[in-house]
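Below are the chains, spelled out letter by letter.
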Amino acid sequence: MKKLIDTSGLSCPQPVVETRQALKAGGFDELEVITDNEAAKENVSRFLTNSEVKINRIETMGKKFHIFASVGKPVESEDFDSNAYPCSIPSKKGKTIFIAKDAIGSGSEELGQKLMKAFLYTLTQLENKPSCLLFMNGGVKLCTEGNDAISNIKTLLDGGTEILVCGTCLSYFGLTEKLQIGVISNIYDIAEHLVNDAEVVKI
Amino acid sequence: MNDLVITFPSSNHAIAAEYICKSAGMEMELIPTPREISSNCGFSLLIYRNDPKKIRQILEKEDIPFAKIFIIQQPNGEKYYEEIN
């Protein structure tokens with residue numbers, strides 16, 4: 001018996017939840033799960049592997065992924081947590097870094113600014129680059145004319161890191177015209193990143 | 001000319017040297033000391049395409065002590081730091 005589960009249009013973790021329900025109900029030995037996005041494909045595959053279901057092949061048909069598996073005796077993982085199957089794929093995506101100051105920490109402003117510069121340089125040297133830098137409050141100064149950090153932020157931008165700079169903050173400091181790098185953004189975009197991105201670190 | 005890395009006895013010296021080299025119009029970065037050179041936490045100066053003799057002269061003139069000067073070599077894409085005297 002073959003079971004077909006079409007999860008098109010469902011967002012994570014729903015495709016995993018549906019796959020799990022089908023496995024629980026049982027009554028089939030061949031399984032095909034259709035997903036319409038990369039994250040769901042990765043998540044369903046990971047879930048099947050964790051459940052000791054053998055994935056025979058994954059085919060890409062148009063924009064959809066078809067996962068073919070043979071179901072022996074599925075092993076129910078006792079600590080199933082749908083949160084372990086979020087929409088983004090953390091292992092492939094870098095972190096979002098929220099920078100709310102032009103210096104790291106407190107104690108000495110001068111040292112904090114030097115540390116921030118050295119930190120941004122170091123990010124350019126890492127294998128795993130951050131996916132996004134969010135600049136707010138004094139952090140926006142790093143993106144404006146005359147700041148030494150710009151060249152390193154540019155290197156990150158060229159490498160695919162998204163750079164968002166708080167427009168309200170630029171305006172408050174009278175720096176809107178001085179922005180050298182990044183996209184002027186708003187609190188809605190920044191809040192969405194903070195809430196939706198897989199991993200956010202505040203500096 | 002190659003890129004250079006200069007290490008210092010303390011972070012304060014590195015910061016002082018940064019101001020000097022910057023006002024001398026050099027293209028450079030204050031960076032964390034590369035792991036290959038030292039595992040200590042500290043700042044170094046990465047100076048792009050410059051002459052080590054010139055750097056030495058400037059720092060000595062300004063009386064800023066430095067620890068070591070390294071030339072960044074990248075013969076086969078593999079980066080290493082060659083210490084010079």
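The residue numbering used here restarts from 1 in each chain and proceeds along that chain's sequence as written. Chains and ligands are labelled by the order in which they are written, letters from A for the one and numbers from 1 for the other. Given that the model is predicted, a residue must reach a pLDDT of at least 70 before its local features are reported, and side-chain atom pairs must reach 80 or more before they are shown or counted; all residues, however, enter totals for whole chains, interfaces and linings. Each side-chain value is worked out from all heavy atoms of the structure, with water and hydrogens disregarded.

Undergrad: Give a description of the overall build of chain B that names residues and reports values.
TA: Helical segments are the DSSP runs of H or I of at least four residues, strand segments are the runs of E of at least two, and each set is numbered from the N terminus. Secondary structure assignment for chain B yields 2 helices and 5 strands. Start at the N end of chain B and walk to the C end: the helices and strands fall as β-α-β-β-α-β-β. Burial classes follow relative accessibility: with a 1.4 Å probe on protein chains only, a residue under 20% of its type's maximum area counts as buried, one over 50% as exposed, and anything between as partly exposed. When the 85 residues of chain B are sorted by exposure, 44% land in the buried category. Residue pairs at least 24 apart in sequence account for 61% of intrachain contacts in chain B once pairs closer than 6 positions are excluded. Using a 1.4 Å probe, accessible areas were evaluated by the Shrake-Rupley method; residue-level cover was limited to the displayed protein chains. For chain B, the exposed area adds up to about 5000 Å²; of that, 44% sits on carbon and sulfur atoms. Note on contacts: a residue pair is in contact if any heavy atoms of the two residues lie within 4.5 Å.

Undergrad: How would you explain the sheet that holds strand β5 (residues 96–99) of chain A if you had to name every residue and give the values?
TA: Residues and elements named next belong to chain A. Spatially, the 5 strands line up as an open sheet ordered β8-β7-β6-β5-β9, and their pairing is parallel. The two strands at the open ends of the sheet, each matched to only one other strand, are β8 (183–185) and β9 (200–202). Adjacent strand axes in the sheet meet at a mean angle of 25 degrees when their direction is disregarded. As paired elements, β5 and strand β6 (residues 132–135) share 4 bridges and run parallel to each other. Two strands pair if DSSP finds at least two bridges between them. Working convention: axes come from line fits to C-alpha atoms, limited for helices to the stretch in contact. Angles between N-to-C directions cover 0 to 180 degrees.

Undergrad: Explain the confidence of the model for chain B to me, using residue names and the numbers behind them.
TA: As a per-residue measure, pLDDT reflects the predictor's confidence and takes values from 0 up to 100. Per-chain confidence: chain B averages 92 in pLDDT, with 99% of residues scoring 70 or above. We note a pTM of 0.65 for the whole complex and an ipTM of 0.82 for its interfaces.

Undergrad: Account for the side chain of Ser45(A), naming residues and giving values.
TA: Residue and element names in this part refer to chain A. With respect to the helices and strands, Ser 45 occurs in helix α2 (residues 38–50). Accessibility expressed as a relative area gives 12% for Ser 45, which makes it buried. Not counting chain neighbours up to four residues away, the residues in contact with Ser 45 comprise Ile 55, Ile 58 and Ile 67.

Undergrad: Requested: an account of the packing of helix α1 (residues 14–25) of chain A against α2(A), with residues and values cited.
TA: All names here are of chain A. Direction vectors running N to C along α1 and α2 enclose 30 degrees, while the axes themselves pass 9 Å from each other. The way α1 lies across α2 gives a crossing that is right-handed. On α2, the residues that touch Pro 15, Val 16, Thr 19, Arg 20 and Leu 23 of α1 are Ala 40, Asn 43, Val 44, Phe 47 and Leu 48. For this classification, the nonpolar set comprises Ala, Val, Leu, Ile, Met, Phe, Trp, Tyr, Cys and Pro, the charged set comprises Asp, Glu, Lys and Arg, and every other residue, Gly included, is treated as polar. Broken down by class, the residue content of the contact of α1 with α2 amounts to 7 nonpolar, 2 polar and 1 charged. Here is the rule for handedness: rotate from the far helix to the near one, and if that takes an anticlockwise turn smaller than a right angle the crossing is left-handed, while a clockwise turn gives right-handed.

Undergrad: So what's going on with the interface of chain A and chain B? Residues and values would help.
TA: A common way to express how large an interface is: the accessible area buried when the components associate. The interface of chain A with chain B comprises 12 residues on the first partner and 12 residues on the second. The quantity reported as buried area is the accessible area (1.4 Å probe) lost by two parts once they are put together, taken as the sum for both. Carbon and sulfur atoms supply 53% of the area that chain A and chain B bury against each other, a total of about 970 Å² over both sides. Of all residues in chain A, Lys114(A), Lys117(A) and Tyr121(A) give up the largest surface area on contact with chain B, accounting jointly for 50% of the area buried on that side. Put simply, a salt bridge is a Lys or Arg side-chain nitrogen that is within 4 Å of an Asp or Glu carboxyl oxygen. Two residues, Lys22(B) and Asp148(A), come together in a salt bridge whose shortest N-O distance is 2.8 Å. Identification of polar contacts relies on pairs of N or O atoms within 3.5 Å, with a donor-acceptor requirement for protein atoms, meaning one able to donate a hydrogen and the other able to accept it, and with residues adjacent in sequence counted only if both atoms are side-chain atoms. Seen at the junction of chain A and chain B, the total is 5 residue pairs in polar contact (both at pLDDT 80 or more). Among the secondary structure elements, those contributing two or more residues to the side of chain A that touches chain B are α3 (109–125) and α4 (150–158) of chain A. The element contributing the most residues to the side of chain A that touches chain B is α3(A), with 9 residues.

Undergrad: So what's going on with the packing of α3(A) against helix α1 (residues 11–23) of chain B? Residues and values would help.
TA: Orientation of α3(A) relative to α1(B), taken along the N-to-C sense of each, is 75 degrees, at an axis distance of 12 Å. Accordingly, the angle class assigned to the pair α3(A) and α1(B) is roughly perpendicular. Along its contact with α3(A), which presents Glu110(A), Lys114(A) and Lys117(A), the element α1(B) presents Ile15(B), Glu18(B) and Tyr19(B). Looking at the contact of α3(A) with α1(B) residue by residue, the classes come out as 2 nonpolar, no polar and 4 charged. Comment on the angle field: the value is read as roughly parallel under 35 degrees, roughly antiparallel over 145, roughly perpendicular from 65 to 115, and oblique elsewhere.

Undergrad: Describe the packing of aromatic side chains, listing the residues and the values that go with them.
TA: Residues and elements named next belong to chain A. Stacked, tilted and edge-to-face are the three classes applied to pairs of Phe, Tyr and Trp rings, where Trp contributes its six-membered ring and a pair requires centres within 6.5 Å; stacked means planes under 30 degrees apart, edge-to-face means over 60, and tilted covers the rest. The final tally for this structure, using the stated rule, is 1 aromatic pair over all chains. When the centroid spacing of 5.4 Å and the interplanar angle of 85 degrees are considered together, the rings of Tyr 172 and Phe 173 count as edge-to-face. In this structure Tyr 172 comes out as exposed when scored by relative accessible area, which is 69%. In this arrangement the basic side chain of Arg 57 is found over the ring face of Phe 68, its NZ or CZ atom lying 4.0 Å from the centre. Note on geometry: a ring has a charge over it if NZ (lysine) or CZ (arginine) is within 6 Å of the ring centre and within 35 degrees of the ring normal. Over the ring of Phe 173 we find Lys 141; its NZ or CZ atom is 4.7 Å from the centre of that ring.

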